[in-house]
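Architecture and fold: a report
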Amino acid sequence: MNRSATKAVNGGATMVEPLYVPVLPMRRGPLAAYSRLAPFLQAAVSPLWTIPLRTNPAGPPGPPGAVVAAQRATPAWVDARHLEGAPRAVTEGLWPYLLHTPLRPVTGPGRPDWQQSGCADFARACGNGLGLRVRAADASTEQGAEEVRRLVERLAGPDLARDLPVDLLLDLEAVTEEDHQADKCALRALELLGPLTRWRSIVLLAGSFPPTTPEPSGWGPIEAQRHDWDVWHMVRHARPELPVDVTYGDYGAHHAFAADAGAGGGAPWGVLRYTTDRTFLLAKAPTIGDGHAEEVREIARRMIAEPEFRGAGFSEGDRWLHACATGTGTPGVGNAESWIRAGHSQHLAYAAWRLTA
């Protein structure tokens, strides 16, 4: 099932619309994981890069140059919502990096007026279009949908898509409970928002990676359900009357609010993670202490012994996990940041592979 489609932009260059949209914080780990994907998988992945919350919003906005280098000709979005209190950090520190690239700015209801109109003007100047990020919980009500309608008309009138291609990024945010009702919320939001304009693409975003890791018995791993994958299937099978397919989106191998907190660091434990068809395998691992390296290797050995392990050759993350388990890699076992990078790597590769299979 390959639903990708090429579009002409920037004077005739072609882009491929995505099969998979992970929401990733603009940090070194996710950037490295995306950059090292096999080319045929990377072509299917268009991240929604979110600039994380920072202590100094007016400073340089992270590594946008690295994002530009990683994306090359693949479309993606950049959401600078955490910089909106410092407009110059967006208009002078971020947007110049996005010129002459396939990256698309993101706006949405509730954003400052300067940001909404500025994103639309900048998107027109670039020619790549605009991402409209909308909380599904808000858009599933008449009042919330009306707010989106007013925004669409204010940006470019009722026929927004005529001179500005727009992608609807419908965000369910965290979906971690068994009785989540998220599919009903998404379907109601799509019913209300679908007729508002001719959306270029519609992406359903949801994150089911748990915000905290339950304590395992022994070294684990334990399982957490991938509700986001189930919700997307339920929404697609409900066959809503929409002009385009609903694209799958998640939050990678991290929880839905990873970009809304500081980068952290120095914690005495981290999480090794692995993605299967319906679950995440998770194990809490120590980052310090006597014998912690052998504990981490034992966790890795248990993970690669799982029947769902795809082998060291599947992705950079799989290779790292196998090397850690067998002691054939670097002398150390990494730290919490490198475990997140490996987790994103195997997750992005597996999700893209499943969607292109």
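Note that this is a predicted model, so its numbers are computed, not measured.

Parameters at a glance
Residues numbered from 1 in each chain as written. Predicted model: local features only at pLDDT ≥ 70, side-chain atom pairs only at ≥ 80, totals over all residues. Heavy atoms only, no water. Phe/Tyr/Trp six-rings, centres within 6.5 Å; stacked < 30°, edge-to-face > 60°. Lys NZ or Arg CZ within 6 Å of the ring centre and 35° of its normal. Buried < 20%, exposed > 50% of the residue type's maximum accessible area, 1.4 Å probe, protein only. Helix = DSSP H or I, 4+ residues; strand = E, 2+ residues; numbered from the N terminus. Pairing = 2+ DSSP bridges. Salt bridge = Lys/Arg side-chain N within 4 Å of Asp/Glu carboxyl O.

Brief notes about the packing of aromatic side chains
- Tallied over the entire structure, the rule returns 11 aromatic pairs.
- Taken together, Y20, W229, W232 and Y248 form an aromatic cluster joined through their ring pairs.
- One Lys or Arg, R310, reaches over the ring of F314 and ends 5.1 Å from the middle of that ring.
- Positioned over the ring face of Y350 is R310, at 4.0 Å from the centre of the ring.

Concerning the pairing of strand β11 (residues 246-250)
- Counting buried residues along β11, five of its five residues qualify, which places the element largely inside the surrounding structure.
- In this structure, strand β3 (residues 20-25) lies alongside β11, joined through three bridges in parallel fashion. Across the sheet, the residue bridging to Y20 is Y248, located in β11.
- Pairing of strand β9 (residues 201-207) with β11, which is carried by four bridges, proceeds in the parallel orientation. When the bridges of β11 are listed, L205 appears paired with G249.

As for the pattern of salt bridges
- Inspection of the entire model under this criterion finds 24 salt bridges.
- A salt bridge links R133 to D79; its shortest N-O distance comes to 2.8 Å. Remark: D79 occurs in strand β5 (residues 76-79) and R133 occurs in strand β7 (residues 130-135); sequence separation between them is 54 residues.
- With relative accessibility at 0%, the residue D79 sits in the buried group.
- Notably, a salt bridge pairs R278 with D230, separated by 2.9 Å at the nearest N-O pair. Within this pair, whereas R278 is found in the loop between β12 (269-275) and β13 (279-286), its partner D230 is found in helix α10 (residues 227-237), the two being separated by 48 residues in sequence.
- Through salt bridges with shared partners, a single network forms among D79, E84, R111, R133 and D171.

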